[in-house]
Amino acid sequence: EAEVALVGRSNVGKSTLMRELTGHDFDTGGNPGVTRAPNHYDWAPEDFVITDLPGFGFMSGVDEDRREQIKTNIVHYLEEYAENILVAILVVDGKSVVDIIDRHSGPDEIPYDVEMFHFLRELDVPTVVAVNKMDKVDDKDERLDELCDRLGLYPPWKQWQETIAPITAKKGRIEPLNEAVREHLHEQQRDDL
Ligand code: GDP
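Attention here is on the structure that accompanies the text.

How each quantity is defined
- Residue numbers here run from 1 along each chain, matching the order of that chain's written sequence.
- Under the rules for a predicted model, residues below a pLDDT of 70 receive no local features and side-chain atom pairs below 80 are neither given nor counted, while totals for whole chains, interfaces and linings still include all residues.
- The side-chain quantities take in all heavy atoms of the structure and omit both hydrogens and water.
- Going along the chain from the N terminus, every DSSP run of H or I of four or more residues is numbered as a helix, and every run of E of two or more is numbered as a strand.
- One speaks of a salt bridge when a side-chain nitrogen belonging to Lys or Arg is within 4 Å of a carboxyl oxygen belonging to Asp or Glu.
- With a 1.4 Å probe rolled over the protein chains alone, any residue whose accessible area is under 20% of its type maximum counts as buried; one over 50% counts as exposed, and the rest are partly exposed.
- For each residue, the test is whether any non-hydrogen atom lies within 4 Å of the molecule or strand; if one does, the residue is near.
- Here a polar contact is taken to be a pair of N or O atoms separated by no more than 3.5 Å, where protein atoms must pair a possible hydrogen donor with a possible acceptor and residues adjacent in sequence count only if both atoms sit in side chains.
- Only the protein chains shown count as cover for residues, with accessible areas throughout obtained via the Shrake-Rupley method and a probe of 1.4 Å.
- By this rule the span expected of a helix is its residue count minus one, scaled by 1.5 Å.
- Directions from the helix axis toward the C-beta atoms define the arc.
- A contact between two residues is defined here by any heavy atoms of the two lying within 4.5 Å.
- In this scheme, strands are said to pair when DSSP sees at least two bridges between them.

Some details on the environment of Tyr81
In step 1: You can see Tyr81 is positioned in helix H2 (residues 64-81).
In step 2: For the pair formed by Tyr81 and Glu3, sequence separation is 78 residues and the distance between their alpha carbons is 9.0 Å.

A few points about the pattern of salt bridges
Pairing of side chains with opposite charge becomes possible as their charged atoms draw close.
In step 1: Throughout the structure, instances matching the rule amount to ten salt bridges.
In step 2: With a closest N to O distance of 3.7 Å, Arg182 and Glu175 form a salt bridge.
In step 3: Given a relative accessible area of 43%, Glu175 falls into the partly exposed group.
In step 4: With a closest N to O distance of 3.0 Å, Glu179 and Arg182 form a salt bridge. Of this pair, Glu179 and Arg182 are both found in helix H6 (residues 175-192), three residues apart, which corresponds to roughly one turn of the helix.

Some details on the site of the ligand
In step 1: Taken together, 15 residues lie around the ligand, and Asn11, Lys14, Ser15, Thr16 and Asp135 are the ones closest in.
In step 2: The backbone of Gly13 places a nitrogen or oxygen atom 2.9 Å from an oxygen atom of the ligand.
In step 3: Thr16 places a side-chain nitrogen or oxygen 2.6 Å from an oxygen atom of the ligand.
In step 4: Notes on the ligand: free accessible area 580 Å², of which the protein chains cover 75%.

Details of helix H5 (residues 140-151)
Because an α-helix packs 3.6 residues into every turn, residues spaced three or four apart end up facing the same way.
In step 1: Between its first and last C-alpha, H5 extends 17 Å over twelve residues, near the 16 Å set by a 1.5 Å rise per residue.
In step 2: Here H5 has its buried residues at Arg143, Leu144, Leu147, Cys148 and Leu151. Within H5, the buried residues cover an arc of 140° as seen down the axis, which keeps them to one side.
In step 3: Lining the buried residues of H5 we find strand E4 (85-93), helix H3 (97-103), helix H4 (112-122), strand E5 (127-132) and strand E6 (164-166).

Observations regarding the pairing of strand E1 (residues 3-8)
In step 1: Counting buried positions over the six residues of E1 gives six, a clear majority of the element.
In step 2: Because side chains alternate across E1, one face comprises the buried residues Glu3, Ala5 and Val7, and the other comprises Val4, Leu6 and Gly8, equally buried.
In step 3: Judged from the six bridges that link them, E1 and E4 form a sheet pairing that is parallel. Within the sheet, the bridge partner assigned to Ala5 lies in E4 and is Ala88.

What to know about the pairing of E5
In step 1: The buried fraction of E5 is high, at six of six residues.
In step 2: Across the two faces of E5 the burial is the same, with Thr127, Val129 and Val131 and Val128, Ala130 and Asn132 all buried.
In step 3: The sheet contact formed by E4 and E5 spans six bridges and is parallel. For Val92, the partnering residue across the bridge sits in E5 and is Val131.
In step 4: Alignment of E5 against E6, held across three bridges, turns out to be parallel.

Given below as structure tokens:
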């Protein structure tokens, strides 16, 4: 069955977004394995299974080895199911993502979000970056332009609305994400004709 996959670091609001998309309650924080939960969401005109992959990054009580293991599991899962994944949603925290990327950029370090974005592109999985917690961001356009720059997308962000979707999951403001996902789905339907 067709699948939409959600990926993102811990605490970016993935569970909140899942709840918003599906109307169900999830507790993803406690499950560091890769699970395929049969969570249906109707992205009219089609419906899909949404897979919530475990959060990655700092989690209290989880050591470095375990974190690497989780990351490896996520990468393997995406490789294995790439064919089946119609759209991937990379969830980031709009308030902190640029700072975190900059802090982790160096000669031998690639920030997780940047790495994941490029990895999904390599797999040919259409990817939407859901920039969450926009309610906490004052200079929205500037922040989104910076994010584009870090992801290798030429600013301004407004020309990337199929890829960059600013949302506030907590308040149910996720229309830009719905739009972006729909665009990708329609594109694929056209390609299939
Ligand atoms: P997860 O670890 O990625 O599943 O993140 P959660 O969904 O558990 O959310 C982490 C924290 O961010 C919680 O305190 C949420 O209430 C908060 N949060 C989620 N979405 C938003 C949002 O759109 N705006 C704000 N300000 N906080 C949010």
